[in-house]
Amino acid sequence: MAILIKNGTLISASDTFEADILIEGETIAQIGKRLQHPSAEVVDARGKFILPGGVDPHVHLDLPMFDTVSSDDHYTGHKAAAFGGTTTVMDFVVLEGEGFAHSVDLWMKKAEKAVVDYSFHMNLTQFNEKIAKEIPALMKMGIQTLKVFTAYNGRLRLADGDIFKALQIAKENGMLTMAHCENGDVIETLVAEALAAGRTTPEWHALTRPAWGAVESTLRMAGMAAAADAPVYIVHMNAGGEVDMLKYVRERGVKAMGETCPQYLFFTIDNLRRPDGAKWVCSPPMRTQDDNARLWEGLTENILQTVGTDHCPFFFDGTKPLVYEGEPIAIPGKELGRDDFTKIPNGLPGIQDRMPVLWTTGVRAGKITANQFVAYMCANPAKIFGLYPRKGALLEGSDADIAIWDPEKKVKYGAALLHQRTDYNLYEGWELTGYPEKVFLRGKLIVDGAEWKGKRGDGKFLKRRAGEIL
Ligand code: URP
Ligand code: ZN
Ligand code: ZN
C-alpha cells in the first residue's frame, strides 16, 4: 500500500523545503512537488514539519542494576520512543562471562518484542587475549561499537592500557569505541570517605563524582584515541569542561566525537538536594548552571555531534504499582537507596522526552536551528553508527521512518501523558510547543496522535556497518 504525505515542510540536517513524500512499502519512493499516485492513501501535512524518525544512540532497556532492572523493556521503551518521534534506538549489551555471542543472544531474546528498529553496542567490560581476538566477530554480527568505561572500579572499568588496545583493535576493524569518561579512582576514594562520614543523601552521588574527573578522562580518552589514530565517541557529556576538551582535540585533528543528553542541559546538583533528589541520580551526575550553558553552546556551535538520552529509568517508589496498558506493575527502584546514595539505581527516563523537550527548549528558544535539531537527533547518530542514509534521512530509498511534527501543538508535559514505564518525569509540568502528531516506522503508522498502532515484534534488528567520523 502506498501513502502520500502532501504539503508538508521537510526538514533535513541541511535544508528546509516544501515537498510531498510518496511511501511505497517500507521505503520513501519519491520526494517532490505535487506528487500524484492513483491509489495512495493521502495524509495532508499542511502546516506541519516532516522530520526523519529520530535515532537515539544511547538507551538501556531491561538492564539489570543493583538487585533490580531498568523499568522499561524492549516493548515499553520502544513504544515510548515512538511517541516522542524516535524510530531507531541503540541499546547496550552487557558482556557476560560466556563471551560476546552468548551475551548478544541474551539481548536478542530480550528484544523479540521490539516495536521500533534497534541495534546494539557491546559493553567491553572485560579484556584479555581471548576477548581481544573475538572483537572482530562483533562486526560480522552487525555490532560496530564497543563501550569502555574509565569509572565503575571493579565492575565495568578497564585499565587504560586495555582501553588503548581496544581502540587499536576497533580501528583495525572499522569499529568505533564509545567511552564513559569519569575518574574511577577519585570516585572510589571520595565515596569511601563520604560513607565513612555518614554522608548518604543523593547530593553525595554528585559530590563524589567530580566534573574534573570527567574533564580529564575525556582528554585522556581523546589522547589515547589520537595515539591509536582511532575514532572515539564520548557518551553522555555532562561537564562544560568536556565541551572545551572536545573542541581542543577536534581542532587538532583528533577523531573525537561527543554526545550530550537533555538532562545535562537543564538540571544541576541542586535537583539532587530536593527531598525527591534520587530522581536525578545518574552517572555521570548533574553539574552546575555553567555546565548547562556550556553544553548548550556545544550544540549551538556544532562542537558536539549528537544528543542521546542514556534512557535508563527506574521507579521513584517501586513499592507502589503503576498501571501500564491496563496491568499493574511495580519494579524496585530508587527507594533501594533511601539510606545510602550508593544503592540508588543510576539512571533516568528520557527516551520519549528527547525530541519534544529539545524542540521547545532548543529550536523554539532559538538556541539551535531546526536543521541542527535533525542533525543531532537523526542524521548524525545514523551516520556515526553506520545506518545512514537508511535511517536518519528523508531521501528516496531511505526507510520510511517519518515523524509528522505539529509545530504549534501545545502540551503540558508530564508522567500522566507518557508511555515511559516509570512513576515520574523530569520535565513534569513543562509547557511544550511542538509535538509529534503521526509517526511512521518503515511505512507503517505506529503513532497516530494519542493512539498506539505499533505491534510487538515489528521492530527489526539493524546490522550496522562502519560509520562516518564526523
Ligand atoms: O546512570 C546511568 N547513566 N546509567 C546507565 C549506565 C551508563 O553509564 O550509561
Ligand atoms: Zn555510561
Ligand atoms: Zn548509558
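## A closer look at the overall build of the protein
Phase 1 of the analysis: Assigned secondary structure in the protein consists of 13 helices and 21 strands.
Phase 2 of the analysis: Against the 2.2 N^0.38 benchmark of 23 Å for 470 residues, the protein shows a C-alpha radius of gyration of 21 Å, consistent with a compact globule.
Phase 3 of the analysis: Buried positions account for 63% of the 470 residues belonging to the protein.
Phase 4 of the analysis: When contacts within the protein are restricted to residue pairs at least 6 apart in sequence, long-range pairs at least 24 apart make up 76% of them.
Phase 5 of the analysis: For the protein, the distance from the average site of its 53 positive side-chain charges to the average site of its 61 negative ones is 2 Å.

## Side note on helix α2 (residues 100–110)
Phase 1 of the analysis: Buried within α2 we find Phe100, Ser103, Val104, Trp107 and Lys110. Buried residues of α2 fall within an arc of 115° about the axis and therefore sit on the same side.
Phase 2 of the analysis: On the buried face of α2, the contacting elements are β7 (64–65), β9 (86–93), β10 (117–123) and α3 (129–140).

## Let's talk about the site of ligand 1
Phase 1 of the analysis: Close to ligand 1 lie His58, His60, Lys147, Tyr152, His180, His236, Cys282, Ser283, Asp310, Cys312, Asn346 and Gly347.
Phase 2 of the analysis: Tyr152 has a polar side-chain atom sitting 3.1 Å from an oxygen atom of ligand 1.
Phase 3 of the analysis: The contact in question runs from a nitrogen atom of ligand 1 to an N or O atom on the side chain of Asp310, over 2.6 Å.
Phase 4 of the analysis: When ligand 1 sits alone it has 270 Å² of accessible area, and the protein chains cover 96% of it.
Phase 5 of the analysis: Considering only residue class, the shell around ligand 1 consists of three nonpolar, seven polar and two charged.

## As for the sheet that holds strand β14 (residues 256–260)
Phase 1 of the analysis: Pairing is parallel in the open sheet, where eight strands are placed in the order β6-β9-β10-β11-β12-β13-β14-β15. Bordering the open sheet on either side are β6 (54–59) and β15 (306–307), each of which pairs with just one other strand.
Phase 2 of the analysis: Note that strand β11 (residues 145–149) and strand β12 (residues 176–180) share five bridges and pair parallel. Along β12, the bridge assignment pairs Phe149 with His180.
Phase 3 of the analysis: Each of β9 and β10 touches α2; the most contacted strand, β10, lies at about 145° to it.

## Re the coordination of the zinc ion (ligand 3)
Phase 1 of the analysis: With distances of 2.0 to 2.1 Å, the protein atoms coordinating the zinc ion (ligand 3) are His58 (NE2), His60 (NE2) and Asp310 (OD).
Phase 2 of the analysis: Because the angles between the four donor atoms bound to the zinc ion (ligand 3) fall within 88 to 136°, the donor set is best described as irregular.
Phase 3 of the analysis: Mapping the donors of the zinc ion (ligand 3) onto the primary sequence yields the spacing H-x1-H-x249-D.
Phase 4 of the analysis: Distance-wise, the zinc ion (ligand 2) is placed 3.9 Å from the zinc ion (ligand 3). Here His58 is found in strand β6, whereas its partner Asp310 is found in the loop between β15 and β16 (322–324), with 252 residues between them in sequence. Pair check on accessibility: His58 and Asp310 agree, each one buried.

## Some thoughts on the packing of aromatic side chains
Phase 1 of the analysis: With the rule as written, the count across this model stands at 19 aromatic pairs.
Phase 2 of the analysis: Ring geometry for Phe83 against Trp452: centres 5.8 Å apart, planes inclined by 35°, an arrangement best described as tilted. With Phe83 in helix α1 (residues 76–83) and Trp452 in strand β21 (residues 451–452), this pair connects stretches of sequence that are 369 residues apart. The same class applies to Phe83 and to Trp452, which are both buried.

## Let's talk about the packing of helix α8 (residues 240–251) against helix α11 (residues 289–300)
To characterise two packed helices, one gives the angle between the axes of the helices and the distance between these axes.
Phase 1 of the analysis: Remark: α8 packs on α11, axes separated minimally by 7 Å, with the N-to-C direction vectors making an angle of 30°. Of the residues in α11, those in contact with Gly240, Gly241, Val243, Asp244 and Lys247 of α8 are Asp291, Arg294, Leu295 and Gly298.
Phase 2 of the analysis: Residues belonging to the contact of α8 with α11 are distributed by class as follows: two nonpolar, three polar and four charged.

## Regarding the domain arrangement of the protein
Phase 1 of the analysis: If you check the domain split of the protein, you get domain 1 (2–51 + 389–421 + 431–452) and domain 2 (54–384).
Phase 2 of the analysis: For domain 1 and domain 2, the distance between their C-alpha centres works out to 28 Å.
Phase 3 of the analysis: Listed per partner, the contact involves 38 residues of domain 1 and 43 residues of domain 2.
Phase 4 of the analysis: Interface area for domain 1 against domain 2, summed over the two sides, is near 3200 Å², with a carbon-plus-sulfur share of 62%.
Phase 5 of the analysis: Connecting domain 1 to domain 2 are three salt bridges.
Phase 6 of the analysis: Salt-bridge contacts for Arg421 lead to Asp73; the nearest nitrogen and oxygen are separated by 3.6 Å.
Phase 7 of the analysis: For the pair domain 1 and domain 2, the interface holds 16 residue pairs in polar contact (both at pLDDT 80 or more).
Phase 8 of the analysis: Counting only elements with at least two residues in the side of domain 1 that touches domain 2, the list comes to β5 (49–52), β18 (402–412), β19 (431–441), β20 (444–448) and β21.

## Section: the pairing of β14
Phase 1 of the analysis: Most of β14 sits inside the fold, with five of its five residues counted as buried.
Phase 2 of the analysis: Bridge count for strand β13 (residues 232–237) against β14 is four bridges, and the pairing is parallel. Note on β14: the bridge partner recorded for Ile234 is Gly258.
Phase 3 of the analysis: With α8 bridging β13 and its parallel neighbour β14, the resulting β-α-β unit is right-handed.
Phase 4 of the analysis: Direction of pairing for β14 relative to β15: parallel, over a ladder of two bridges. Across the sheet, residue Glu259 finds its bridge partner in β15, namely Thr306.

## So, the coordination of the zinc ion (ligand 2)
Phase 1 of the analysis: Looking at the metal site, the zinc ion (ligand 2) is ligated by Lys147 (NZ), His180 (ND1) and His236 (NE2), spaced 2.1 to 2.2 Å from it.
Phase 2 of the analysis: Between the donor residues of the zinc ion (ligand 2), the gaps in sequence give the motif K-x32-H-x55-H.

Reading guide: rules and limits
Residues numbered from 1 in each chain as written. Chains lettered and ligands numbered in written order. Predicted model: local features only at pLDDT ≥ 70, side-chain atom pairs only at ≥ 80, totals over all residues. Heavy atoms only, no water. Helix = DSSP H or I, 4+ residues; strand = E, 2+ residues; numbered from the N terminus. Rg over C-alpha atoms; globule rule 2.2 N^0.38 Å. Buried < 20%, exposed > 50% of the residue type's maximum accessible area, 1.4 Å probe, protein only. Contact = heavy atoms within 4.5 Å. Lys, Arg positive; Asp, Glu negative; His and termini not counted. Charge placed at Lys NZ, Arg CZ, Asp CG, Glu CD. Arc of directions from axis to C-beta. Near = heavy atom within 4 Å. Polar contact = N/O pair within 3.5 Å; in protein donor to acceptor, adjacent residues only side chain to side chain. Areas by Shrake-Rupley, 256 points an atom, 1.4 Å probe, with all protein chains shown as cover. Nonpolar A, V, L, I, M, F, W, Y, C, P; charged D, E, K, R; others polar. Pairing = 2+ DSSP bridges. Axes fitted to C-alpha atoms, helices over the stretch in contact; angles between N-to-C directions. Donors = N, O, S within 2.8 Å, 3.2 Å for Na, K, Ca; no water. Tetrahedral: all angles 85-135°; square planar, octahedral: opposite > 155°, others 65-115°. Phe/Tyr/Trp six-rings, centres within 6.5 Å; stacked < 30°, edge-to-face > 60°. Domains from an automatic or database assignment. Buried area = accessible area lost by both parts, 1.4 Å probe. Salt bridge = Lys/Arg side-chain N within 4 Å of Asp/Glu carboxyl O. Right-handed = clockwise from strand over helix to strand, strands pointing away.

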